[in-house]
Amino acid sequence: MDRREFLWEATGAAVGLTTSGKIAASLVREPLDAPSPGDPTQSILVSTVGDDQNPGTISRPLKTFQAAQSAVRELKKHNPGTLSVYFRAGTYYLPNTIVFTPEDSGEAGAPIIYAPYPGEHVLLSGGARLSPKWTAYRDGIMKTSVLAGTTTDQLFVNGQRQMLARYPNYDPNAKYLGGWAPDAISPERAKRWADPRGAYIHAIHQYLWGDMHYVITGKSADGNVLYEGGWQNNRPKPMHAQYRFVENVFEELDAPSEWYLDRANSVLYFYPPTGLDLENAVVEAVRLKHLVEFRGSQESPVKWIELRGFTFQHASRTFMVTREPLLRGDWRIYRGGALFFTGAEDCYVDDCFLDQLGGNCIFVSGYNRRIRISRSHIARAGANGISFVGERKAVRNPLDSYDDRLGIGDLDLTPGPRTADYPAECLVEDTLIYQTGQVEKQTAPVEIDIARAITVRHCSIYDVPRAGINIGDGCWGGHHIDHCDVFDTVKETGDHGSFNSWGRDRWWGVKGLDLDTVLQGPYAKLPVLDAAETNILSNSRWRCDHGWDIDLDDGSTNYHIHNNLCLNGGLKLREGFYRTCENNVLVNNSLHPHVWYNDSHDIFRGNIVFTPYKPIQMRQWTQDINFNLLHQPAMPQTNLATALQELSSRDADSLQGDALFMDEATGDYRVKSNSPALSLGFVNFNMDNFGVQSPKLKAIARQPVMPLRSSDATPTLSETRSREVAVWAGAKVRNIVGLGEVSAAGSPGETGVILLEVPDTSDAAKAGFSAGDVLLAFNGKPIKQLKDLLQDTRQNVAGKAASVTILRFQQESTILIMLKP
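Just so it is clear, the structure is predicted and the values come from calculations on it, not from any experiment.

Conventions and cut-offs
- Residues numbered from 1 in each chain as written.
- Predicted model: local features only at pLDDT ≥ 70, side-chain atom pairs only at ≥ 80, totals over all residues.
- Heavy atoms only, no water.
- Phe/Tyr/Trp six-rings, centres within 6.5 Å; stacked < 30°, edge-to-face > 60°.
- Helix = DSSP H or I, 4+ residues; strand = E, 2+ residues; numbered from the N terminus.
- Buried < 20%, exposed > 50% of the residue type's maximum accessible area, 1.4 Å probe, protein only.
- Lys NZ or Arg CZ within 6 Å of the ring centre and 35° of its normal.
- Salt bridge = Lys/Arg side-chain N within 4 Å of Asp/Glu carboxyl O.
- Lys, Arg positive; Asp, Glu negative; His and termini not counted.
- Contact = heavy atoms within 4.5 Å.
- Pairing = 2+ DSSP bridges.
- Axes fitted to C-alpha atoms, helices over the stretch in contact; angles between N-to-C directions.
- Polar contact = N/O pair within 3.5 Å; in protein donor to acceptor, adjacent residues only side chain to side chain.
- 1 Å grid on protein atoms, 1.4 Å probe; cavity = no way out; pocket = protein on both sides within 12 Å on 5 of 7 lines; lining within 4 Å.
- Points joined across faces, edges and corners; volume = space filled by probe spheres on them.
- Nonpolar A, V, L, I, M, F, W, Y, C, P; charged D, E, K, R; others polar.
- Core = buried A, V, L, I, M, F, W, Y, C linked by side-chain atoms within 4.5 Å.
- pLDDT = per-residue confidence, 0-100.
- Arc of directions from axis to C-beta.

Caption draft 1: Molecular detail of the packing of aromatic side chains. Tallying each qualifying case throughout the model produces 38 aromatic pairs. Ring geometry for W180 versus Y243: centroids 4.9 Å apart, planes at 80°, classification edge-to-face. With a gap of 63 residues between them, W180 in the loop between β13 (166-167) and α4 (187-190) and Y243 in strand β17 (residues 239-247) connect regions that are remote in the sequence. Plain terms: the ring middles of F661 and Y669 are 5.0 Å apart, the flat faces sit at 75° to each other, and that makes the pair edge-to-face. By relative accessible area, which is 7% here, F661 ends up buried. The exposure class assigned to Y669 is buried, which follows from its relative accessible area of 0%. A cation sits over an aromatic face here: R504 above W508, 5.7 Å from the ring centre.

In structure tokens form, the structure reads like this:
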């Protein structure tokens, strides 16, 4: 056993923690071979040209999925063993959601398998093919009548989703929302719209914490747009003043690939792009929210059903029904998806393509055990890729809002869950996920909440608006993220990471208890009552150019982070307990410790960092920070890491010098045999085994851009704002500078002024200001930087109280202060 293994096991044993995140891998078996399509006793055949009155043989196939499901129920009564349903090539438009119940279950060693006929492509659609008769409307726009009652929120032409008429027009190079405009819902713009009822507003959150969506209900007498919504975000704020757009407005139909459905008159309008053969194009509408459901219960689960090799397409968008809060997290969810599991055990999705689905792709809800998703491809989803989300009733002392708090006397001190209504021992493996969050930005390719022992390994994840993998709470840990490749994340939001977690569990912010000393008293087990099993992040590669590579935010507790290559954003640990970080390489960055508790039991040892640590509001550092290497390229000799020691007052044995990497240009950050890192206990780990493994997926998966050497790196955002300190109302103040201070304060971007010191005798203290307050506005005028505050103060009328909007503990309030002229 080497130093690191001993270190972790000793730490875990000391507090009674476990590391069972690997449990899912050991409990999930490999798929069995399917019976031959030619065996009528063990297989059923389906074809788009079949007949549901047929027996389901190769020569006389059935026609629909529903008929095949009924045939399986009959066949398995007489023929025990593995049964397979084979679909011949084609698109199967589902008239209703396929619902598997316990009656459809297979058995251990004898699953029910649904799959395409070998070598053929099958698409299961929640839509309908239209039969348009196009005629010219105007300005290149075509129109066609559709059946009365036709509704759709998406239009597909030749398999590709088109753009609902919008303002501003879609711009693939725009950073936010595919294009945004401050005047998107201005009265001047709305004058163009005869009747905008049913149109949608999509907007980024004021603080860039996700997004919100609204439906337009009309216009007021003075021309203002009326709307309702915005409930999709669990940290409610106004919509962003700039980053917004409107869609589903007929008068905004003015660009190629845009469409609009006039439901009242049953007319579809479409502006075809240049080169499209519209007369022969396949045009499809969307009908269903869910394509396939597995519906059972803990007492009577759906078991041993496999979906293999299908393409799933055409599921409705669900952004206006995303309303359910998640345990003081920033998210709200829609509890549903194109593939929906509840009350299922030992069911598999293998080698499937979930393409351009409107909402969540796969949603594993409530009680489920050993659900496996493998070798699959998920692209361009409207919301989440794969979600594992338990039910609120499984949680002890559940709270919904970020601001909710309990007193220590109100806490249920029983460890673990109340019920079994949560996913556990599930696996996502060898799966490619990209460009999710096409509509909903507070989403992730992999989302885990109120769950236990979820393993995510060998997945490639990129091009997403927020985190690549998000763990929303500490209930109940045991998750293992291993050999994943996650990059190009947080592309449309802020204050986040490629990996993000929260831990706002029952202990977080509890009233009547000093969390700085909680581990020394009778409530020492409190932080791990929910986070009972250790979450592991290992052997993975992360890159975030708009936040942190790994972001353990509010309260995240009980993590073991080792053998990770972080290519840009570093590693952030906000307040929490029991985080061990070892044997990681943090390229062009470092550890970001934010507002730690005084006795956190965090460990940071045996890592290679490229810059000194970047602390924010640190009062006391944990004892176990040591044996780290501060990489200094081409440094002729190795010295003690004084730059680290000065910050942490720890790192007694840490060094600074050239790490002697194998090949930085190709991303090989293993160290050579004479590297000083090896003397500190660093152990090389594999640098070419991240992400998907199956040849089909590897052939199409991207890899991250390798970073510049530290000496070539461009200045960061934090270097563009002045750190000058000034005195205001007797207090020391300066600009908010850098992502770290933005995150710690919860401010709306790199804007505002922070109070550094507020003497008791100062006018600021007498008015009620405190150190750490962020000043956002003076008499209603935004304070973007220090000079704004000083200038507004000079212009304030003598003897008149000024109203100052502040941010304290991530909550806005107003303080009145009488300033001297």
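There is more to say after this.
Caption draft 2: Spotlight on the pattern of salt bridges. Counted according to the given criterion, the structure contains 50 salt bridges. A salt bridge links E425 to R370; the nearest nitrogen and oxygen atoms lie 3.6 Å apart. Of this pair, E425 sits in strand β36 (residues 423-429) while R370 is found in the loop between β32 (368-369) and β33 (372-374), placing the two residues 55 residues apart along the sequence. Among the residues examined, E425 registers a relative accessible area of 11% and is labelled buried. Relative accessible area serves as the criterion here: at 18%, R370 is assigned to the buried category.

Caption draft 3: Representation of the side chain of E258 in the model. Locating E258 in the fold gives a position in strand β18 (residues 258-262). Buried and unpaired, E258 has R166 as its nearest opposite-charge partner, separated by 5.5 Å. Look past the residues within four positions of E258 in its chain and what remains in contact with it is M163, A165, R166, N169, E252, L253, Y269, F270 and Y271.

Caption draft 4: Local environment of unusual backbone geometry. In this model, Y167 is joined to P168 through a cis peptide bond whose omega is -5°. Considering the arrangement of structural elements, one finds P168 in the loop between β13 and α4. Put simply, C475 and W476 share a cis peptide bond, and its omega is -5°. Mapped onto the elements, W476 comes out in the loop between β41 (469-471) and β42 (480-482). Positive phi outside glycine occurs at D346, with the angle close to 55°. Along the polypeptide, D346 turns up in the loop between β28 (344-345) and β29 (348-350). Positive phi, close to 50°, is recorded for I450, a residue that is not glycine.

Caption draft 5: Layout of the pairing of strand β21 (residues 292-295). Judged from the three bridges that link them, strand β4 (residues 98-100) and β21 form a sheet pairing that is parallel. Opposite F100, over in β21, you have F294 as the bridge partner.

Caption draft 6: Seen up close, the sheet that holds strand β47 (residues 548-552). One open sheet holds the eleven strands; their spatial order is β4-β21-β27-β31-β35-β38-β41-β44-β47-β50-β53, and the pairing between them is parallel. Strands with a single pairing partner mark the edges of an open sheet, and in this sheet they are β4 and β53 (591-593). On average, each strand axis in the sheet is tilted by 10° relative to the strand beside it, whichever way the strands run. Where strand β35 (residues 386-389) and strand β38 (residues 446-449) come together, four bridges link them in parallel fashion. Across the sheet, the residue bridging to S387 is E447, located in β38.

Caption draft 7: Spotlight on the environment of E429. Here E429 is to be found in strand β36. For the pair E429 and S460, spaced 31 residues apart in sequence, the C-alpha separation works out to 9.8 Å. Of the polar contacts made by the side chain of E429, one reaches the side chain of R372; its length is 3.4 Å.

Caption draft 8: Main features of the sheet that holds strand β14 (residues 200-205). Pairing in this open sheet of five strands is antiparallel, and the strands run β13-β17-β14-β15-β16 from one edge to the other. Of all the strands in the sheet, the pair left with one neighbour each is β13 and β16 (225-229). As paired strands, β14 and β17 are joined by five bridges and run antiparallel to one another. Its bridge partner lying in β17, H202 is registered against F245.

Caption draft 9: Just helix α8 (residues 738-745), in detail. For α8, a buried count of seven out of eight residues is recorded, marking the element as mostly surrounded by other parts of the structure. Along α8, the positions that sit buried rather than exposed are G738, G740, E741, V742, S743, A744 and A745. Of the surrounding elements, those touching the buried residues of α8 are β47, β50 (571-573), β63 (731-735), β65 (774-778) and β67 (801-808).

Caption draft 10: Representation of the side chain of N233. Within the secondary structure, N233 is located in the loop between β16 and β17. Within the local environment of N233, its side chain forms a polar contact with the backbone oxygen of W209, the two atoms lying 2.6 Å apart. Engagement of the side chain of N233 in a polar contact is seen with the backbone nitrogen of R235, the distance being 2.8 Å. Look past the residues within four positions of N233 in its chain and what remains in contact with it is H205, W209, G210, D211, M212, D330, R332 and Q442.

Caption draft 11: Structural detail: the layout of surface pockets. As a volume, the second largest pocket reaches approximately 990 Å³. Surrounding the second largest pocket, 39 residues form its lining, M163, Y170, G178, Q438 and K441 being those nearest its centre. Among the secondary structure elements, those contributing two or more residues to the lining of the second largest pocket are β11 (160-161), β12 (163-164), β17 and β18. Along the lines of polarity and charge, the residues of the lining of the second largest pocket split into 14 nonpolar, twelve polar and 13 charged.

Caption draft 12: Quick peek at the pairing of strand β19 (residues 267-270). Residues V267 and Y269 line one face of β19 and the alternating positions L268 and F270 line the opposite face, and both faces are buried. Bridge count between strand β9 (residues 141-145) and β19: four bridges; the pairing is antiparallel. When the sheet's bridge partners are listed, T144 is paired in β19 with L268. Across four bridges, β18 lies against β19 in antiparallel orientation. Bridged to L261 within β19 is L268.

Caption draft 13: Inspection of the nonpolar core at higher detail. Ranked by internal contacts, the top residues of the largest apolar core, which has 85 residues, are F100, Y114, F294, F312, F341 and F499. Broken down by element, this core gets its largest block of residues, five residues, from helix α3 (residues 65-78). Among the nonpolar cores identified, the runner-up in size contains 21 residues, and L775, L786, L789 and I815 belong to it.

Caption draft 14: Molecular detail of the confidence of the model for the chain. For the chain, the average pLDDT comes to 92, and 94% of its residues sit at 70 or higher. Counting interchain partners and residues more than four positions distant, the pLDDT-below-50 stretch residues 711-718 has five contacts.

Caption draft 15: Highlighting empty space enclosed by the protein. In the structure shown here, the tally under the stated rule is seven cavities of 30 Å³ or more. Taken together, 14 residues make up the lining of the largest cavity; nearest its centre are R235, D330, D495, R504 and D553. Counted as a void, the second largest cavity has a volume near 70 Å³. If you trace the second largest cavity, you find it lined by L327, R328, V395, R396, N397, P398, L399, C475, R504, D505, R506 and D530.

Caption draft 16: Focus on helix α10 (residues 786-795). For α10, the complete set of buried residues consists of L786, D788, L789, D792 and T793. Here the buried residues of α10 occupy an arc of 165° about the axis, which is enough to place them on one side. In this structure, α10 carries K787, R794 and Q795 as exposed residues pointing more than 90 degrees from its buried face.

Caption draft 17: Structural view of the environment of G358. Along the polypeptide, G358 turns up in the loop between β30 (353-355) and β31 (362-365). Along the backbone, G358 and A451 are 93 residues apart, and their C-alpha atoms lie at a distance of 25 Å. Contacts of G358, omitting those with residues within four sequence positions, involve Q154, R161, A315, S316, R317, T318, G382 and A383.

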